[in-house]
Amino acid sequence: MTLQVAETEQGPWTVLCIYGELDLVTSPVVRQSIHDAVAFGRHDVVLDLSEVLFCDSSGVGVLVAARRLMRSCGGRLRLILPARGAEEGSHVNRVLAALGVRRLFEVYPDRDAAVDEEAQPLSA
């Protein structure tokens, strides 16, 4: 399966919607999309992972590197994992939890919550 990244702007946030599988072959596309956003001065990024069907350790590596990049430039990174995923365990949520890195991320159930400055992230 291929990976697609769709970029939109919502207020100060750049939202990158990721569709498909985030693995060794496709993760460089996501990494480049994040770097491009930062290069254009967009330091508040939301990664919408609600349509990611599979994520391996290289995909997790991209997420961890994105967090590090955003912190180094004074930006913010938020992830979207559907509320159902937080409760029942979406694939990405399970992978992040199994590797012990889920707590590193601010996770929101949907786009509206992710771009809302008042919304609280889901608990890890």
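Residues numbered from 1 in each chain as written. Predicted model: local features only at pLDDT ≥ 70, side-chain atom pairs only at ≥ 80, totals over all residues. Heavy atoms only, no water.

Chemist: Sorry, what's going on with the overall build of the protein here?
Modeler: For the protein, the count of helices and strands is 5 helices and 5 strands. Starting at the N terminus, the α and β elements of the protein follow one another as β-β-α-β-α-β-α-α-β-α. Against the globule reference of 14 Å for 124 residues, the protein gives a C-alpha radius of gyration of 13 Å, in line with a compact fold. Across its three principal axes, the protein shows a C-alpha extent of roughly 35 × 35 × 25 Å. Within the protein, buried positions represent 45% of all 124 residues. Considering only residue pairs separated by 6 or more positions, the protein has 67% of its internal contacts joining residues 24 or more positions apart. As displayed, the protein offers around 6300 Å² of accessible surface, 51% of which is attributable to carbon and sulfur atoms. Charge-centre separation for the protein: the mean point of 12 positive side chains lies 8 Å from the mean point of 17 negative side chains. (Helix = DSSP H or I, 4+ residues; strand = E, 2+ residues; numbered from the N terminus. Rg over C-alpha atoms; globule rule 2.2 N^0.38 Å. Buried < 20%, exposed > 50% of the residue type's maximum accessible area, 1.4 Å probe, protein only. Contact = heavy atoms within 4.5 Å. Areas by Shrake-Rupley, 256 points an atom, 1.4 Å probe, with all protein chains shown as cover. Lys, Arg positive; Asp, Glu negative; His and termini not counted. Charge placed at Lys NZ, Arg CZ, Asp CG, Glu CD.)

Chemist: Mind showing me how you'd approach the layout of surface pockets here?
Modeler: Over the atoms rolls a probe the size of a water molecule, and in doing so it shows where empty space is left. In this structure, the largest pocket spans a volume of roughly 160 Å³. Together, R67, M70, R71, G75, R76, L77, R78, L104, F105 and E106 line the largest pocket. Of the residues contributing to the lining of the largest pocket, the split by class is 4 nonpolar, 1 polar and 5 charged. (1 Å grid on protein atoms, 1.4 Å probe; cavity = no way out; pocket = protein on both sides within 12 Å on 5 of 7 lines; lining within 4 Å. Points joined across faces, edges and corners; volume = space filled by probe spheres on them. Nonpolar A, V, L, I, M, F, W, Y, C, P; charged D, E, K, R; others polar.)

Chemist: Sorry, what's going on with the packing of helix α1 (residues 27–39) against helix α2 (residues 57–72) here?
Modeler: The relative placement of two packed helices is expressed as an angle between their axes plus a distance between the axes. Running from amino to carboxyl end, α1 crosses α2 at an angle of 10 degrees, the nearest separation of the two axes being 9 Å. In terms of orientation, α1 and α2 fall into the roughly parallel class. Here S27, V30, R31, I34, H35 and V38 of α1 come into contact with α2, specifically with S58, G59, V62, A65, A66, L69 and M70. (Axes fitted to C-alpha atoms, helices over the stretch in contact; angles between N-to-C directions. Parallel < 35°, antiparallel > 145°, perpendicular 65-115°, else oblique.)

Chemist: Looking at this structure, how should I read the pattern of salt bridges?
Modeler: Two side chains bearing opposite charge may form a pair once their charged atoms approach each other closely. Going through the model one piece at a time under the given rule, you end up with 5 salt bridges. Close ionic contact of E7 with R42 constitutes a salt bridge, the shortest N to O distance being 2.1 Å. Residue E7 is found in strand β1 (residues 4–10), and its partner R42 is found in the loop between α1 and β3 (44–55); the two are separated by 35 residues along the sequence. (Salt bridge = Lys/Arg side-chain N within 4 Å of Asp/Glu carboxyl O.)

Chemist: Would you mind going over helix α4 (residues 91–98) with me for this structure?
Modeler: Since the α-helix advances by 3.6 residues per turn, residues separated by three or four positions end up pointing in the same direction. The set of residues buried in α4 consists of V92, N93, V95 and L96. Viewed along the axis of α4, the buried residues span an arc of 165 degrees, placing them on a single side of the element. At the C-terminal side of α4, G100 shows a positive phi close to 75 degrees. (Arc of directions from axis to C-beta.)

Chemist: Sorry, what's going on with empty space enclosed by the protein here?
Modeler: Under the defined criterion, the tally for this structure stands at 1 cavity of 30 Å³ or more. As for the largest cavity, its lining consists of R31, I34, H35, V62, A65, A66 and L69. The set of elements that each furnish at least two residues to the lining of the largest cavity consists of α1 and α2. It is α2 that provides the largest number of residues to the lining of the largest cavity, a total of 4 residues. Residue composition of the lining of the largest cavity, by class: 5 nonpolar, 1 polar and 1 charged.

These figures come from the coordinates and say nothing about function on their own.
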